[in-house]
Every structure is written in structure tokens, then in C-alpha cells.
Amino acid sequence: MTKTTVNLGVVQETLLIPLWARACEFSKPDPLIQDPKSVEIIEAIDYDFDKFATAKSSQIGTCLRGMILDNWVRAYLQQHPQGSVVEIGAGLNTRFERVDNGEVRWFDLDLPDSMTLRKQFFEETERRQFITASALDIDWIERVKAVNVPCMFVAEGVLIYLSEEQVQQLFANLLEHFPGCWFAFDSMSPLMVKNQKRHDSINYTSAKFNWSISDIRKIQDWDLRYQVIEVTTFADLPAKYLRRFGVVIRLLFSYIPFLRNMYRLTLVRLS
């Protein structure tokens, strides 16, 4: 069988890391994420996934990140069963398959090269549409607004590659056009960005982390209407999840506060 060739930009190539992480997770006895589709896609793509074999912390962390974001989307859909969800930088994510409640209106948004690859493995439906665009553009906004229902945005592994100015502009755009929306995303501390060469999976790509923030609640200094609902670090998770990491990492999370905060997931309401 002829495999699919990958032709992605530098940052877009990083979408293959969470795909690999979820595929690895599927074979574990108690998987954090159930994603058989990722295994199917990995087998169909012509790419050297073996180079990530030693990136055990990334494999676990990426799946924990996906699990936390999935849970927030499920919580949103409990409140708004017929609401909309926009996956910013959808890549080859399978969040729709994991959380679909049979009513949600879903939009997968990504850049042209990523969307071209995505369309080889996923199909649009009446409730699920693809948008080929940059999240920083505004042309796609009217398409989502036309559905005229409450909306949640999810940006997994996306904002960390933008500049602070771009992140602030995205927040401002969402607030202007979708007041009251939920926005879930991940972020890094300056220390983590500074030491990114030690990252166990990104160092196999040419991508560079960019945006960092020491205290995620400082986004409220940008605009008081950015209401932080929840902030979660891996150290905040139950012990059964932390045990997936090595002893050294668990100790660092437990006893060095600023290391606990190097990476976090945040849920915000823009209103």
C-alpha cells in the first residue's frame, strides 16, 4: 500500500507528535485516551515516527493534555448540548470522535498544508465542517457565527508557537465576535521556552516555542473581561496519572513550585 507523503511547514509538522503520542497510548492497558484512529493514520503516513521513541515524557504529557481538554469540552457540551466547538489548529486531532454528543456543531480550523493532510483521513458532515485558514485571520469568523449558538474554542499546542502580540490579537478577536465564549488552551513559562532545546520531542523538529507567560492569570491584565475559570498543571492531577511519569519528574513536580508551573492548561471565559 502506498503511504501518504507528509508535506508540512515547520510548525505544522509538530501536529505529528500528538498523533504519535495517542497511537502509542492506544496499546497501553489503561489508556489515557482511546484513539484507534490515530493508529490507523500512523500506519498510513510516510514519516519517521521512530525518532520520537525515547520522548516518553512528551508521550504522556501530550495525552494528559488531550484528556484535560476533552473533559473541558465535555463539560461545555453538558451546559450547551447543541453548541459549537472550534478546534484551532486541528491538525490530525480526533477530539470530535472522542467527545461527540450527537448534537454539537464542530469546526476544524487549520492552515492549508495541515488541512490538505487532514482531508485524507477525515470527512466533513452536516455537523462537522473544515475551515482552511489561519486563526489570526478574520474571514472565517462569519462562517462560525452563522450557526448562531454558544461557542467554545480549543487551541491545543498552538499558542506556544505564536508571538505575544498574535496571542493577544486572537483573544481580542474572539472577545469581539464571540462574547461569552469559552477558550481552552495550553501555555508555557519563560523558563520552559528558554530551555526548549532540552524538550524530548520538539528537539527532533525545527519548530521553536515562542510565547511564554509567567503567570497565566496575568492575561486578565490584558483585558478584565478575560475570566480565568480553571488552571490545571500536571502536578494537580490525581496520583494515578502522575505515576505515569518517571520518579525524578514526579519529585520535581511535587517539591519545586516554579517547575510545577512550567506548563499548564487554562480555561477562560471571554465576556
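As the structure is a prediction and not an experimental result, all values here were calculated from the model.

Novice: What's the story with the overall build of the chain in this structure? I'm lost.
Specialist: Within the chain, the secondary structure is distributed over 12 helices and nine strands. Out of the 271 residues in the chain, the part that is buried amounts to 54%. Across the chain, every contact between residues at least 6 apart in sequence was considered, and the portion connecting residues at least 24 apart equals 71%. Within the structure as shown, the chain displays about 12700 Å² of accessible surface, and the carbon and sulfur contribution to it stands at 50%. Of the charged side chains in the chain, 31 are positive and 34 negative, and the gap between their average positions amounts to 6 Å.

Novice: I would appreciate a short explanation of the nonpolar core in the present structure.
Specialist: Here is a general trend for soluble globular proteins: nonpolar side chains tend to be buried in one another's company. By size, the foremost hydrophobic cluster in this structure holds 64 residues, and its most contacted members are Leu16, Ile45, Leu92 and Met152. The biggest single contributor to this core is helix 3 (residues 56-79), with 10 residues. Non-local contacts of Met152, meaning those with residues more than four positions away in its chain, are made with Trp72, Val73, Tyr76, Ser84, Val85, Val86, Trp182, Ala184 and Leu267. In this structure, Trp140, Val147, Val158 and Phe185 belong to the second largest nonpolar core, which totals 34 residues.

Novice: Could you clarify how one ought to interpret helix 1 (residues 16-26) in this entry?
Specialist: Working note: α-helix, 3.6 residues per turn, so residues spaced by three or four point in the same direction. Burial of helix 1 is extensive: nine of the 11 residues sit out of reach of the surface. Turning to helix 1, its buried residues are Leu16, Ile17, Pro18, Leu19, Trp20, Ala21, Arg22, Ala23 and Glu25. Residues of helix 1 that are buried make contact with helix 2 (36-44), strand 2 (45-46), helix 3 and helix 4 (95-99).

Novice: What exactly am I supposed to notice about the packing of aromatic side chains here?
Specialist: To describe a pair of aromatic rings, you give the distance between the ring centres and the angle between the ring planes. With the rule as written, the count across this model stands at 17 aromatic pairs. Among the aromatic side chains, those forming a connected cluster through ring pairs are Phe171, Phe183, Phe185, Trp211, Trp222 and Tyr226. In this structure, Arg118 packs its charged tip against the face of Phe122, placed 4.1 Å from the ring centre.

Novice: Which parts of the structure should I look at to understand the layout of surface pockets?
Specialist: One way to see where empty space is left: roll a probe the size of a water molecule over the atoms. By volume, the second largest pocket amounts to about 160 Å³. Taken together, Lys28, Asp30, Pro31, Leu32, Met67, Lys240, Tyr241 and Arg244 form the lining of the second largest pocket. A breakdown of the residues in the lining of the second largest pocket according to their chemical character gives four nonpolar, no polar and four charged.

Novice: Before we go on, may I ask you to explain the environment of Leu159 in this structure?
Specialist: Tracing the backbone shows Leu159 in the loop between strand 6 (151-155) and helix 7 (164-177). When the C-alpha atoms of Leu159 and Phe209 are compared, they prove to be 9.0 Å apart, with 50 residues separating the residues in sequence. In this view, Leu159 contacts Val167, Leu170, Phe171, Phe183, Phe185, Asp186 and Trp211; residues no more than four positions away in its chain are not counted.

Novice: Quick question: what am I supposed to make of the sheet that holds strand 6 here?
Specialist: Across a sheet, strands are paired by hydrogen bonds formed along the backbone, either parallel or antiparallel in direction. The sheet built from seven strands is open, its strands ordered 5-4-3-6-7-9-8 with mixed pairing. Every interior strand has two partners, whereas the edge strands, strand 5 (128-132) and strand 8 (226-232), have only one. Looking at each pair of strands side by side, their axes are set apart by 20 degrees on average, direction ignored. Examined bridge by bridge, strand 3 (residues 84-88) and strand 6 share five bridges and lie parallel to one another. By the bridge assignment, Ser84 is partnered in strand 6 with Cys151. Packing of helix 3 onto the sheet brings it into contact with strand 3, strand 4 (105-110), strand 6, strand 7 (181-188), strand 8 and strand 9 (263-270), and relative to strand 7 it is tilted by some 170 degrees.

Novice: Before we go on, may I ask you to explain the packing of helix 1 against helix 3 in this structure?
Specialist: In the contact formed by helix 1 and helix 3, the axes pass within 9 Å of each other and the chain directions differ by 95 degrees. Taken together, helix 1 and helix 3 sit at an angle that is classed as roughly perpendicular. Of the residues in helix 3, those touching helix 1 at Pro18, Trp20, Ala21, Arg22, Cys24 and Glu25 are Gln59, Thr62, Cys63 and Arg65. Looking at the contact of helix 1 with helix 3 residue by residue, the class counts come to five nonpolar, two polar and three charged.

Novice: Just to check I follow, could you spell out the pattern of salt bridges for this structure?
Specialist: Opposite charge on two side chains allows them to pair when their charged atoms are near. Within this structure, the stated rule accounts for 18 salt bridges. For the salt bridge of Glu156 with Arg95, the shortest nitrogen-to-oxygen distance reads 2.6 Å. Separated by 61 residues along the polypeptide, Glu156 in the loop between strand 6 and helix 7 and Arg95 in helix 4 bring together distant segments of the chain. Its relative accessible area of 11% is what places Glu156 among the buried residues.

Novice: What am I meant to see in the packing of helix 1 against helix 2 here?
Specialist: Axis separation between helix 1 and helix 2 bottoms out at 8 Å; the angle between their running directions is 115 degrees. Helix-helix and strand crossings are classified by hand; for helix 1 and helix 2 the assignment is left-handed. From helix 1, Leu19, Trp20, Arg22, Ala23 and Phe26 reach across to helix 2, where they touch Pro36, Ser38, Val39, Ile41 and Ile42.

Conventions adopted
- Residues numbered from 1 in each chain as written.
- Predicted model: local features only at pLDDT ≥ 70, side-chain atom pairs only at ≥ 80, totals over all residues.
- Heavy atoms only, no water.
- Helix = DSSP H or I, 4+ residues; strand = E, 2+ residues; numbered from the N terminus.
- Buried < 20%, exposed > 50% of the residue type's maximum accessible area, 1.4 Å probe, protein only.
- Contact = heavy atoms within 4.5 Å.
- Areas by Shrake-Rupley, 256 points an atom, 1.4 Å probe, with all protein chains shown as cover.
- Lys, Arg positive; Asp, Glu negative; His and termini not counted.
- Charge placed at Lys NZ, Arg CZ, Asp CG, Glu CD.
- Core = buried A, V, L, I, M, F, W, Y, C linked by side-chain atoms within 4.5 Å.
- Phe/Tyr/Trp six-rings, centres within 6.5 Å; stacked < 30°, edge-to-face > 60°.
- Lys NZ or Arg CZ within 6 Å of the ring centre and 35° of its normal.
- 1 Å grid on protein atoms, 1.4 Å probe; cavity = no way out; pocket = protein on both sides within 12 Å on 5 of 7 lines; lining within 4 Å.
- Points joined across faces, edges and corners; volume = space filled by probe spheres on them.
- Nonpolar A, V, L, I, M, F, W, Y, C, P; charged D, E, K, R; others polar.
- Pairing = 2+ DSSP bridges.
- Axes fitted to C-alpha atoms, helices over the stretch in contact; angles between N-to-C directions.
- Parallel < 35°, antiparallel > 145°, perpendicular 65-115°, else oblique.
- Salt bridge = Lys/Arg side-chain N within 4 Å of Asp/Glu carboxyl O.
- Left-handed = near helix turned anticlockwise from the far one by under 90°.

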